Amino acid sequence: MLASALLTLLFCLAGFADLVPHFLQQPEDLVVLLGEEARLPCSLGAYWGLVQWTKDGLALGGERDLPGWSRYWISGNAASGQHNLHIRPVQLEDEASYECQASQAGLRSRPAQLHVLVPPEAPQVLGSPAVSLVAGVPGNLTCRSRGDARPTPELLWFRDGVQLDGATFHQTLMKEGTAGPVESILFLTPSSHDDGATLVCRARSQAWPAGRDTAVTLNLQYPPVVTLSVEPQTVQEGEKVTFLCQATAQPPVTGYRWAKGGSPVLGARGPRLEIVADASFLTEPVSCEVSNAVGSANRSTALNVLFGPILQAKPKPVWVDVGEDASFGCSWRGNPPPRVTWTRRGGAQVLGSGPTLRLPSVGLEDAGDYVCRAEPGTSGLGGGAAEARLTVNAPPTVTALRSPPAFLRGPARLQCLVLASPSPEAVVWSWDEGFLAAGSRGRFLVETFPAPEGLEGQSPGLISVLHIAGTQESDFSRVFNCSARNRLGEGATQVSLGRRDLLPVVQIVATVAAAATTLLLVITGVALCCWRHGKGSFSKQKNLVGIPGSSDGSSSRGPEEETTSGEDRGPIVHRDHSDLGLDEEEILEAKDPTNGYYKVRGVSVSLSLGEAPGGGLFLPPTSPVGPPATPTFYDFAPHLGMVPPCRLYRARAGYLTTPHPRAFTNYIKPTSFGPPDLAPGTPPFPYAAFSTPSHPRLQTHV
């Protein structure tokens, strides 16, 4: 019974509850975009009274159209308890807390907050739609959004759909405490490849999740991007090559500059360079520098030049002790690399190849000059050889030099040659009673000086000389020692003094003096003989000339001439030359050409010698008495054209111009001269008419 009663009570309470006013649906918080419609639902059960909405506690009214709120109204079936609040378009002032109230039932819904979202506008990129930057120079892009968006948007950067990092974001607060505009700054260092790229700044928020974009294009100013080429790539030395310099730049290129090995190429302008290649191009690249208003850039390239070997480092002289190792080095440069060989000067055997020559345990026989040789290249140019000397240090080598023989009690000199490396500390001469290295001691004096030149493989030698003043008998029999010492040992040799006797020299001098005296006597005799034979006069015959010389005018004639009558013989004219001027007579007084040594005062008679029938010279007879028909006068008929002029008989000349012999002797000037026999038509002074003979002048002085 009790149970039945309880069930009946519950059913009664449930039915009563359905009759009590209550909310079937209450408004909830709502987010709506600015300008759109907001709807706040409100539904009541078991209530048919007045329902109204409040905004932040302010009642909007009980009418369905809500007069005074033009953008507000209540919708739904009031009989069914539906009282929904609508706002359109939503504005910022609509953002508030709204309640649905059943005034007569004393019911109030929970507050519902209306949030009005303001979507961001498309952001602004400073400098858009195109921004100019300099390649390689750090720069930035600024994207800005106004501060009236709700909520505050975020600004993002994209390139080709990929979000970029490196941007900073900040918002400016206004004085009233409201939010101001927001900015995003993107930092970047562009390159020339970024020229023309498009970057996007996106403003995104809850009000507009997709975001709004603004694009900007990068216009880059960049220095030239250079490409350098050469044609041909490989050349022989001396051939011409062409370099081409190409560049892209913004703004355009303003100039080109060429350099080789860092040094400017004078006269090179423009993007093209033609030049003759040499070996230096292999190690000194050619560079092209291109400039514009932003900056400059350059590129360089090396040229493959084929050239013959060039000596870079000569081999250096080497000094080593006997038994030590020796090495030489030399460096040649070429393209392709040259083949280097080593030989000994004067030899053909190759001792090694490469830049280094090693000689183990050298001996004295290894001393000498070694040649580093490089073969010419494929072009046939270059190549050559360089030498260096190997000096082997060893004890001194002493050699006796030839010394001249000496006279007894005269000066003497002994000498020796010392070759040594290293140079000797001293050269010492020693003999029986002493020694001497330098300076003087009694009759002995030592001098040491460098030899004219060293032998192959040896350092310059020394010559040591021992001088002896007033030699003695013992000097020719004793032995003199010449010795030298260096740090490696000692060397010595013996030198003897040769003797020269005085007797042979005296004999030679006496023989020469006797020969000279004999020759002088012979010459004097011949001269006297000629003078005696030329002293007489010639008889009067055709083409004969009487030469005055004797006091009586006939002492030189033969007997036949003495017996001949005056008519047959013809007169010998003794003519006084008074018609000559005073000056001419004084000139006849010839001066002695020997200055009185032989007391020569004049010129003797000159005879032209003819040929004897046998082809020999025809001379006047030595005796006034000769064989019959032997002429005592010389026949001038065959030689009339060669008779010397009269002036040749003047003593002033001192000699006669004639090819025949004559002699000078004591001459007494005659007081008169007889006229010679003259041919018909001959002028009074016939010698003046004679032509000058073609024989060379002969001058004889005794």
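Anything mentioned here points back to the structure above.
Residues numbered from 1 in each chain as written. Predicted model: local features only at pLDDT ≥ 70, side-chain atom pairs only at ≥ 80, totals over all residues. Heavy atoms only, no water.

**What about the overall build of the protein?**
In terms of regular secondary structure, the protein is built from six helices and 46 strands. Contacts in the protein between residues at least 24 apart in sequence constitute 63% of all its contacts with a sequence separation of at least 6. A total accessible area of about 39500 Å² is found for the protein, and carbon and sulfur atoms account for 56% of it. (Helix = DSSP H or I, 4+ residues; strand = E, 2+ residues; numbered from the N terminus. Contact = heavy atoms within 4.5 Å. Areas by Shrake-Rupley, 256 points an atom, 1.4 Å probe, with all protein chains shown as cover.)

**Description of the sheet that holds strand 28 (residues 304-313)**
Strand order in this open sheet of three strands is 21-28-31, and the pairing throughout is mixed. Only two strands of the sheet have a single partner each, and these edge strands are strand 21 (234-236) and strand 31 (331-335). Mean inter-strand twist for the sheet, computed between neighbouring axes without regard to direction, equals 35°. (Pairing = 2+ DSSP bridges. Axes fitted to C-alpha atoms, helices over the stretch in contact; angles between N-to-C directions.)

**Section: unusual backbone geometry**
That bond from R88 to P89 is cis: its omega, -15°, falls within 30 degrees of zero. For P89, the position within the fold is in the loop between strand 8 (84-87) and strand 9 (97-102). Of note, the bond from E231 into P232 is cis; its omega dihedral lies within 30 degrees of zero at -5°. Tracing the sequence through the fold places P232 in the loop between strand 20 (208-231) and strand 21. Despite not being glycine, L66 has its phi angle at roughly 50°, a positive value. Mapped onto the elements of the fold, L66 is located in the loop between strand 6 (58-59) and strand 7 (72-75).

**A closer look at the pattern of salt bridges**
Any two side chains of opposite charge can pair, so long as their charged atoms come close to each other. Per the stated rule, a full pass over the model turns up 25 salt bridges. R71 is the partner of D94 in a salt bridge, and the nearest nitrogen-oxygen pair spans 2.5 Å. Residue D94 is found in the loop between strand 8 and strand 9, and its partner R71 is found in the loop between strand 6 and strand 7; the two are separated by 23 residues along the sequence. For D94, a relative accessible area of 0% gives the class buried. (Salt bridge = Lys/Arg side-chain N within 4 Å of Asp/Glu carboxyl O. Buried < 20%, exposed > 50% of the residue type's maximum accessible area, 1.4 Å probe, protein only.)

**Describing the pairing of strand 37 (residues 412-421)**
Where burial is concerned, most of strand 37 is hidden: nine out of the 10 residues are buried. Judged from the five bridges that link them, strand 36 (residues 384-400) and strand 37 form a sheet pairing that is antiparallel. Across the sheet, residue A394 finds its bridge partner in strand 37, namely S421. Judged from the seven bridges that link them, strand 37 and strand 42 (residues 462-468) form a sheet pairing that is antiparallel. Paired with L417 across the bridge in strand 42 is I463.

**A closer look at the sheet that holds strand 7**
Across the sheet, three strands lie side by side as 3-8-7; this open sheet has antiparallel pairing. The open sheet has two free edges, formed respectively by strand 3 (38-40) and strand 7, since each of these has just one partner strand. Here the strands of the sheet are splayed against their neighbours by 25° on average, with no regard to which way each runs.

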